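# Observations on chain architecture
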Amino acid sequence: MGIESDTNIASNELEPFTITRIEAEQPKCIALFAVGRGGNPARHHHLLQTMANRSCTVIAPHFEMLASSVPTKAELDMRIHRLEASIDSCAYSNLPIVGIGHSIGATALLALQGAEGETLDGQQLTTGATPRLERLALLAPPTNFFRRPGALHRIRMPMKIWVGAKDTITPPAQSRFLMDVLAAQASVAVQVDPDAGHFTYMDELPPNVPEPHPDRNTFLAGLADEITAFLVA
């Protein structure tokens with residue numbers, strides 16, 4: 001069983017923020033988790049605990065909930081900076097660092113790795129200077145931020161994407177776009193889960209959101225195993 005703790009950290013450019021850390025007993029990697037719009041990684045607790053139980057020490061920064069489903073440059077830049085500061089907080093370790101993100105968290109991880117994103121009104125997002133993640137596992141990623149030609153030219157690491165066939169927010173076509181664009185430069189696999197929607201990947205759904213999957217608990221247990229196997233490969 002991983003040991004869970006919350007830590008408040010700050011960098012020179014950030015207000016103090018909370019990181020949930022779940023220690024693996026004999027870690028093979030550090031998994032940086034980027035949560036979606038709601039901002040609270042506890043809503044993915046089963047996945048994070050499973051990763052810790054399977055040799056991934058988890059670091060999961062907390063965020064304020066995004067005010068809108070259309071995030072601003074300032075909101076996304078803050079999340080990217082906070083993810084980077086979270087990596088810096090474990091700089092003492094020589095373990096490989098991998099990334100996993102749900103929804104807008106996947107967007108932030110891609111930008112952290114050097115993808116050149118733009119908001120819907122054309123403002124350029126912060127871009128990580130040096131790719132630091134060795135693998136990416138993405139759940140229901142929004143990819144319209146990276147439609148400009150060449151926006152993904154720095155993305156080179158192995159990647160696996162899970163997306164729901166019943167996702168009307170970031171449908172499978174957005175994940176296939178990543179696979180098609182990156183085909184010549186990175187190993188990318190897309191798994192379309194036939195009964196899943198956008199929020200099926202969470203332990204706790206947002207209020208008043210119906211669940212299309214007939215057995216989400218069983219699905220999440222299998223998903224956690226699949227993601228962990230990919231990240232520690």
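Below, the structure is looked at part by part. The structure displayed is predicted, hence computed values, not measured ones. (Residues numbered from 1 in each chain as written. Predicted model: local features only at pLDDT ≥ 70, side-chain atom pairs only at ≥ 80, totals over all residues. Heavy atoms only, no water.)

Here we come to the nonpolar core. Membership of the largest hydrophobic core comes to 68 residues, with the highest contact counts inside it found for Met 51, Leu 109, Leu 110, Leu 138, Met 159 and Ile 227. Non-local contacts of Met 51, meaning those with residues more than four positions away in its chain, are made with Ala 31, Cys 56, Val 58, Ile 100, Ile 227, Thr 228 and Leu 231. (Core = buried A, V, L, I, M, F, W, Y, C linked by side-chain atoms within 4.5 Å. Buried < 20%, exposed > 50% of the residue type's maximum accessible area, 1.4 Å probe, protein only. Contact = heavy atoms within 4.5 Å.)

Attention now goes to the pattern of salt bridges. Counted by the stated rule, this structure contains nine salt bridges. In this structure, the salt-bridge partner of Arg 82 is Glu 64, at a minimum N-O distance of 3.8 Å. Placement of the pair is Arg 82 in helix α2 (residues 73–88) and Glu 64 in the loop between β4 (56–61) and α2, with a sequence separation of 18 residues. In this structure Glu 64 comes out as partly exposed when scored by relative accessible area, which is 48%. Arg 216 serves as the salt-bridge partner of Glu 211, at 3.3 Å between the closest nitrogen and oxygen. Residue class for Arg 216 comes out buried when judged on its relative accessible area of 17%. By sharing partners, the salt bridges in this structure join Glu 116, Glu 118 and Arg 148 into a single network. (Salt bridge = Lys/Arg side-chain N within 4 Å of Asp/Glu carboxyl O. Helix = DSSP H or I, 4+ residues; strand = E, 2+ residues; numbered from the N terminus.)

Listing the buried residues of helix α1 (residues 45–53) in full gives Leu 47, Leu 48, Gln 49, Thr 50, Met 51 and Ala 52. Just downstream of α1, Ser 55 is the residue with a positive phi angle, here 80 degrees.

A few words now on the packing of α1 against helix α5 (residues 216–231). Two elements in contact, α1 and α5, have axes whose closest approach is 9 Å; the angle formed by their N-to-C orientations is 45 degrees. Taken together, the axis directions place α1 and α5 in an arrangement best described as oblique. The interaxial crossing formed by α1 with α5 has right-handed handedness. Listed contacts from α5 to His 46, Leu 47, Thr 50 and Met 51 of α1 are Leu 220, Ala 221, Ala 224, Asp 225, Ile 227, Thr 228 and Leu 231. (Axes fitted to C-alpha atoms, helices over the stretch in contact; angles between N-to-C directions. Parallel < 35°, antiparallel > 145°, perpendicular 65-115°, else oblique. Left-handed = near helix turned anticlockwise from the far one by under 90°.)

Here we come to the pairing of strand β3 (residues 29–34). Counted residue by residue, β3 has six buried out of six residues, so it is predominantly covered. Every second residue of β3 is oriented toward a common face, with Cys 29, Ala 31 and Phe 33 on one face and Ile 30, Leu 32 and Ala 34 on the other, all of them buried. The sheet contact formed by β3 and β4 spans four bridges and is parallel. Of the residues in β4, the one forming a bridge with Ile 30 is Thr 57. Read as a crossover between parallel neighbours, the route from β3 over α1 to β4 is right-handed. Note: β3 against strand β5 (residues 97–102), five bridges, orientation parallel. (Pairing = 2+ DSSP bridges. Right-handed = clockwise from strand over helix to strand, strands pointing away.)

Attention now goes to α5. For α5, which comprises 16 residues, the first-to-last C-alpha distance of 22 Å matches the rise-based estimate of 22 Å (1.5 Å per residue) to within 8%. Of the residues making up α5, those classed as buried are Arg 216, Phe 219, Leu 220, Leu 223, Ala 224, Ile 227, Thr 228, Phe 230 and Leu 231. The arc that holds the buried residues of α5, viewed along the axis, is 160 degrees, so those residues lie on one side. Seen from the open side of α5, the exposed residues pointing more than 90 degrees away from its buried face are Thr 218 and Ala 229. Tucked into the core, α5 has its buried residues touching β3, α1, β5, β6 (136–139), β7 (159–164) and β8 (188–193). (Expected span 1.5 Å × (residues − 1). Arc of directions from axis to C-beta.)

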